[in-house]
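Fold and contact review
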Amino acid sequence: MRIKRYKKAFKCLSFYVNNFGFHKPFQLLIDGTFCFAALQNRIQIKEDIPKYLRSEVKFLTTPCVVLESEKLGHQVTPAMKIVKNFGIHQCGHGKKPLSGSDCLLSMVKPDNPNRYIIATNDKSLQFALQKIPSVPVLYINRTSIILKPPSDISVELAEKKQKSTVELSDHQEKVLNSMKLKILGQIPKDEEATPPIKKRKGPNPMSCKKKKNRPETTQDEQSKTVSSKRKRKRIRIPHHVKQELLANCVLDEIDSGMESLPESTKDLTPEKVPSLEDDYENEEDETLGERLLGLTEMFPETLRNAAYYGVVGCKDGLSGEYYDRFGLGIYLMSF
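Residues numbered from 1 in each chain as written. Predicted model: local features only at pLDDT ≥ 70, side-chain atom pairs only at ≥ 80, totals over all residues. Heavy atoms only, no water.

Counting buried residues in strand β2 (residues 57–61) gives 4 out of 5 residues, a clear majority hidden from the surface. With 4 bridges connecting them, strand β1 (residues 26–30) and β2 associate as parallel partners. Across the sheet, residue L28 finds its bridge partner in β2, namely F59. In terms of strand pairing, β2 meets strand β3 (residues 87–88) through 2 bridges, oriented parallel. Opposite T61, over in β3, you have I88 as the bridge partner. (Buried < 20%, exposed > 50% of the residue type's maximum accessible area, 1.4 Å probe, protein only. Helix = DSSP H or I, 4+ residues; strand = E, 2+ residues; numbered from the N terminus. Pairing = 2+ DSSP bridges.)

Right, here's the structure in full:
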């Protein structure tokens, strides 16, 4: 909180320094109410105020303020002693002394020419000082010293001063217009700046997918793709399966031919061909070896011969090794 108060005070003081010509050391006019509040809250004026304002300060008061504190009696005697320790600035009311608040108001009217900072806890005086431009007001709130922010009148006056430094005066405008007439022949009118037309924006390119560049296909490539789609895998049927299928087809044709004949001619036909079911019933069951031999017909003849000779060679080699070991054992046992 203390740092914030110090920053606000520095900001307010810089406003008065930049706009109204306040400079260091600052002149502080103090009245009896401020000293009385400092005494109650145990604030050391000569030590705490320079620390709060971050600069050197001249502590001043007026004869009217001293006389007012003396008249208040023994209750304000400690505050009167504090007031008398400050430097006395002649206010010009020696013959007809005024109250402390009226005296301080007269010191800062009409626009605070001597650049005073008023330190008071009198609320009526604070309210009256807010109506006068360029008058900083310092007061005590409990145990803290506070500098009031600039009043509205002070802010308006500062803005006018800033505009006057930037804008052209009437004389300067006349000189500029005469120069424009000599050089350009006429005074150009200030064209009103037309607001830019807002156009409809497209989609955000970062949120859109990138287009995929597909390669252009020629007619030859299209024909190739069509032909490749039409290709089918050729299924190779074993030889013995083909024979059985052919036999079944022949039998079906014979049966269909017999059915097409009239009933009188059916009896004249030679012996009936036995059906496949009868053949299967009469045939003996195949052994495992026969089935394996039938399966070997699926492989080419060269592969079958190579497998046969390989098996025979392995068998001969194993038998020869066995007999060699047997003979070697007998030979060794003879010794």
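One can describe the packing of helix α1 (residues 2–20) onto helix α3 (residues 45–53) by two numbers: an axis separation of 8 Å at closest approach and a directional angle of 70 degrees. With respect to each other, α1 and α3 are oriented roughly perpendicular. Contacts from R5, Y6, A9 and L13 in α1 reach K51, Y52 and L53 in α3. A class-by-class count of the residues in the contact of α1 with α3 yields 5 nonpolar, no polar and 2 charged. (Axes fitted to C-alpha atoms, helices over the stretch in contact; angles between N-to-C directions. Parallel < 35°, antiparallel > 145°, perpendicular 65-115°, else oblique. Contact = heavy atoms within 4.5 Å. Nonpolar A, V, L, I, M, F, W, Y, C, P; charged D, E, K, R; others polar.)

Turning next to the sheet that holds strand β4 (residues 116–119). With mixed pairing, the 6 strands of this open sheet are ordered in space as β3-β2-β1-β4-β5-β6. Looking at strand neighbours, the two that pair on one side only are β3 and β6 (144–147), the edges of this open sheet. α1 contacts β1, β4 and β6 of the sheet and is inclined by roughly 30 degrees relative to β6. Running at roughly 30 degrees to strand β5 (residues 137–141), helix α2 (residues 32–40) makes contact with β1, β4 and β5 of the sheet.

As a further point, take the UniProt feature "domain: UTP23 sensor motif region" (unreviewed entry) in the chain. The residues that UniProt annotates with the feature "domain: UTP23 sensor motif region" (unreviewed entry) are residues 198–212. Along residues 198–212 one finds 0% helix and 0% strand; the C-alpha atoms at either end are 32 Å apart. (UniProt positions renumbered as here; feature names shortened; annotations may be inferred.)

A separate point is the confidence of the model for the chain. Per-chain confidence: the chain averages 79 in pLDDT, with 79% of residues scoring 70 or above. Considering each helix and strand of the chain separately, the mean pLDDT is smallest for helix α12 (residues 263–266), with a value of 48, and largest for β4, with 94. Here residues 264–274 is modelled with pLDDT under 50, and outside its nearest four sequence neighbours on either side it reaches 8 contacts, counting other chains as well. (pLDDT = per-residue confidence, 0-100.)

The next thing to look at is a positive patch on the surface. Together, K4, K7, K8 and R54 make up a region of like positive charge exposed at the surface. Within the fold, K4 resides in helix α1. (Patch = residues over 30% accessible without salt bridge, like charges linked within 9 Å, V, L, I, M, F, W, Y side chains within 5 Å. Areas by Shrake-Rupley, 256 points an atom, 1.4 Å probe, with all protein chains shown as cover. Salt bridge = Lys/Arg side-chain N within 4 Å of Asp/Glu carboxyl O. Lys, Arg positive; Asp, Glu negative; His and termini not counted. Charge placed at Lys NZ, Arg CZ, Asp CG, Glu CD.)

On to the nonpolar core, then. Counting residues in each nonpolar core, the largest one holds 36 residues, and the members touching the most others are L28, I30, I45, I49, Y52 and L138. Considering each element in turn, this core owes the most residues, 7 residues, to α1. Setting aside residues up to four positions removed in sequence, I45 forms contacts with I30, F34, C35, A38, P50, F59, I82 and F86. (Core = buried A, V, L, I, M, F, W, Y, C linked by side-chain atoms within 4.5 Å.)

So, on to the packing of aromatic side chains. If you walk through the whole model with that rule in mind, you get 6 aromatic pairs. Their ring planes at 40 degrees and their centres at 6.1 Å tell us that Y16 and F20 sit as a pair that is tilted. Within this pair, Y16 and its partner F20 are both found in helix α1, separated by 4 residues, close to a single helical turn. As far as the burial class goes, Y16 and F20 line up, both buried. Pairwise contacts between aromatic rings join F15, Y16, F20 and F22 into one cluster. (Phe/Tyr/Trp six-rings, centres within 6.5 Å; stacked < 30°, edge-to-face > 60°.)

With 15 residues, helix α9 (residues 170–184) should reach 21 Å at 1.5 Å per residue; the first-to-last C-alpha distance of 21 Å fits that figure. Where α9 terminates, the next one or two residues include G185, which has phi positive at roughly 90 degrees. (Expected span 1.5 Å × (residues − 1).)

Let's shift gears to helix α6 (residues 100–108). Every buried residue of α6 is accounted for by G100, C103, L104, L105, M107 and V108. Turning to α6, the residues buried within the fold contact β1, α4 (63–71), β4 and α7 (123–129).

This brings us to the side chain of Q126. Relative to the assigned elements, Q126 resides in helix α7. With near-sequence residues (within four places) excluded, Q126 lies in contact with T120, N121, V137, Y139 and K148.

Let us now look at unusual backbone geometry. Following K24, the chain continues to P25 via a peptide bond in cis, the omega torsion being -10 degrees. Following the sequence through the fold, P25 ends up in the loop between α1 and β1. Put simply, K109 and P110 share a cis peptide bond, and its omega is 0 degrees. As for its placement among the helices and strands, P110 is situated in the loop between α6 and β4. In the Ramachandran plot, R115 falls in the positive-phi region, its phi being about 60 degrees despite a non-glycine side chain. If you trace the backbone, R115 turns up in the loop between α6 and β4.

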